[in-house]
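# Examination of the molecular architecture
Read off the chains here:
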Amino acid sequence: MAIEIPETAVVPDDVAPLTAKQKVLVHATEPILRQHGVAITTRMYQTMLVAHPELKNIFSMSGQASGEQQKALAGSLVAYAAHIEDLAPLVGVVQRIAAKHAALGVKPQHYPIVGEHLIGAIVHVLGEAFTPELQDAWYHAYWNLARLFIELESEIRAAAPWPDFTTFRIANKVEESPSITSFYLQPTDKALLPLRPYLPGQYLTVRVWVEALQHFQCRHYTLSDAPDPAHYRITVKREDGDANGDGDASPDTPSSSPGMVSNTLHSLPVAADIQASFPAGTFIIPDPLPGHVIFLSAGVGITPNLAMLNSLVDLDLDSPKAPKITWIQGARNRVEHVFARHVREIGQKCGEKFHEVVFYSQPGPSAGMGVMGGKHRSGRVDLKALDRETLALHDPEALYYICGPPGFMSAMVQSLVELGVANGNIRFEAFAPGEIEMA
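All residue numbers here refer to positions counted from 1 along the written sequence of the relevant chain. The predicted origin of the model limits local features to residues at a pLDDT of at least 70 and limits the giving and counting of side-chain atom pairs to 80 or more, whereas totals for whole chains, interfaces and linings rest on all residues. No hydrogens and no water enter the side-chain calculation; it runs on all heavy atoms of the structure.

## Some details on the packing of aromatic side chains
Think of a pair of aromatic rings as described by two things: how far the centres are apart, and how the planes are tilted against each other in angle. Ring pairs shown here join Phe, Tyr and Trp side chains whose ring centres sit within 6.5 Å, with only the six-membered ring taken for Trp; geometry is labelled stacked below 30 degrees between planes, edge-to-face above 60, and tilted in between. Here the structure, examined in full by the defined rule, presents eleven aromatic pairs. Consider the rings of Tyr142 and Trp143, whose centres lie 5.3 Å apart with planes at 80°: the pair is edge-to-face. Both residues of the pair, Tyr142 and Trp143, belong to the buried class. Geometrically, the ring pair formed by Trp162 and Tyr232 is tilted, given 6.5 Å between the ring centres and 40° between the ring planes. With a gap of 70 residues between them, Trp162 in the loop between α7 (132–159) and β1 (166–175) and Tyr232 in strand β5 (residues 232–237) connect regions that are remote in the sequence. The burial state of Trp162 is the same as that of Tyr232; both residues are buried. Put simply, the rings of Trp162, Phe168, Tyr198 and Tyr232 touch in pairs and so form one group of aromatic residues. Whether a charge sits over a ring comes down to the Lys NZ or Arg CZ being within 6 Å of the ring centre and within 35 degrees of the ring normal. A cation sits over an aromatic face here: Arg207 above Phe165, 4.1 Å from the ring centre. Note that Arg207 overlies the ring of Phe216, its terminal NZ or CZ placed 4.9 Å from the centroid. Per-residue accessibility, obtained with a 1.4 Å probe over protein chains only, is compared with the maximum for each type, and a residue is labelled buried under 20%, exposed over 50%, and partly exposed between these values. By definition, any uninterrupted DSSP run of H or I lasting at least four residues is a helix, any uninterrupted run of E lasting at least two residues is a strand, and each is numbered from the N terminus.

## Structural notes on the side chain of His220
Here His220 shows up in strand β4 (residues 215–222). Here Thr205 takes part through its side chain, which lies 2.8 Å from a polar atom of the side chain of His220. We define a polar contact as two N or O atoms separated by no more than 3.5 Å, with the added condition that, inside protein, one atom must be a possible hydrogen donor and the other a possible acceptor, whereas residues neighbouring each other in sequence contribute only through side-chain atom pairs.

## Considering the nonpolar core
Within the largest apolar cluster, 75 residues are counted, with the highest numbers of intra-cluster contacts made by Tyr111, Trp138, Leu185, Tyr232, Ile234, Leu265 and Ile274. Broken down by element, the residue count for this core peaks at nine residues, all from α7. Residues Val357, Leu393, Leu416 and Ala430 belong to the second largest nonpolar core, which totals 24 residues. To qualify as a nonpolar core, a set must consist of buried Ala, Val, Leu, Ile, Met, Phe, Trp, Tyr and Cys residues joined through side-chain atoms within 4.5 Å.

## Focus on the sheet that holds strand β10 (residues 376–378)
Here a strand pair is declared whenever DSSP counts at least two bridges between the two strands. Pairing is parallel across the open sheet formed by six strands, whose spatial order is β10-β9-β8-β7-β11-β12. The open sheet has two edge strands, β10 and β12 (426–429), and neither has a second partner. The mean angle between the axes of side-by-side strands here comes to 15°, regardless of whether they run parallel or antiparallel. Looking at chain direction, strand β11 (residues 399–403) and β12 are connected through four bridges and run parallel. Looking across to β12, one finds that Tyr400 is bridged to Ile426. Contacts were defined at the residue level, with two residues in contact if any of their heavy atoms lie within 4.5 Å. For helices, the fitted axis covers only the stretch in contact; all axes are lines through C-alpha atoms, and the angles between them, taken along N-to-C directions, range from 0 to 180 degrees. Sitting on the sheet, helix α11 (residues 406–418) touches β7 (292–298), β11 and β12, and the angle it makes with β11 is about 160°.

And the structure:
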């Protein structure tokens, strides 16, 4: 039987800031974690989900089945040990994870559960090598990090328009391509109207009951339009199989089986109800705006970039503060090229301040139809085939926003760094477990 941890659960009283010696001990475990991290996190999830099956409503069972969630947590442990002396390089990662935790419904009372099973898994895998001294160091290291997450997540929930999951009704469904559909969602609680504006680029966390699993599953879906007080819009690809990394699949599920949540969503009719938490996420345009913004997307990864693009177009385009925009998009072919007409109309409205390039990985004989100005190219997105002006490589303050399958994002990050773009100018949104490695 699962043990109920009270809502008031807090960091244990005996937890103190790490001493210099404890930091040295934690840092020394980095190579061990690189070697045994996945075994440790696999054991942790196995024991935890058996002891607390209610957590299956929070954790992705697709991520568990594929092993991606175990790999992601192992990578986080390695990064924490590697940077324990100076956590500054991890600030952005911590903020992204905290936003997702808060939106998923992770609460303070969950942290003792995770801590117990994590430390237990390390003891089980490493045995006597995990000495009492190391156990004590990692106990304090875990709780210092947990305290940070608890504080950040509490702040996010406190600032949200509602604190937890609430009911939304599917007001409309629009087919954007044979596999991609936009869902227009309205809250059943009319007190939430007008909907508070979100920051373009943020996501909505959707929770649906999956009959095959007999519990809920959650996914983060970007709000795919500029804010509207009457509804939210998410755009979801129906996942029929494995993501191949070239823009043909979304990050909805990392497993090779059909997407449990995306298929459930696509099967729901207009007027059906779903659960959703508040908008969250850190993948947003800064204020003040830079002089150049370069959007790079593949497949349904277009959604956060599209929301940001729509919000930028709502600005005064004649203002000298309005940025120049480069829109680079990868799709399988013309049929799967979602929002092509919409982006083309934006290009016409923006004029010389907007430049579009489209890559088709499997173009077919009529690939060029519907693509403005001959800006279509065959093959996967290749930044090195583009000129420096298109990529604004002359502007050291230009910002690059990347979203798509993990393989696409990794390739784009690597290409941009090789072209001389600073890591700090590259922003990306990863919906599958784990983080993209910076080159």
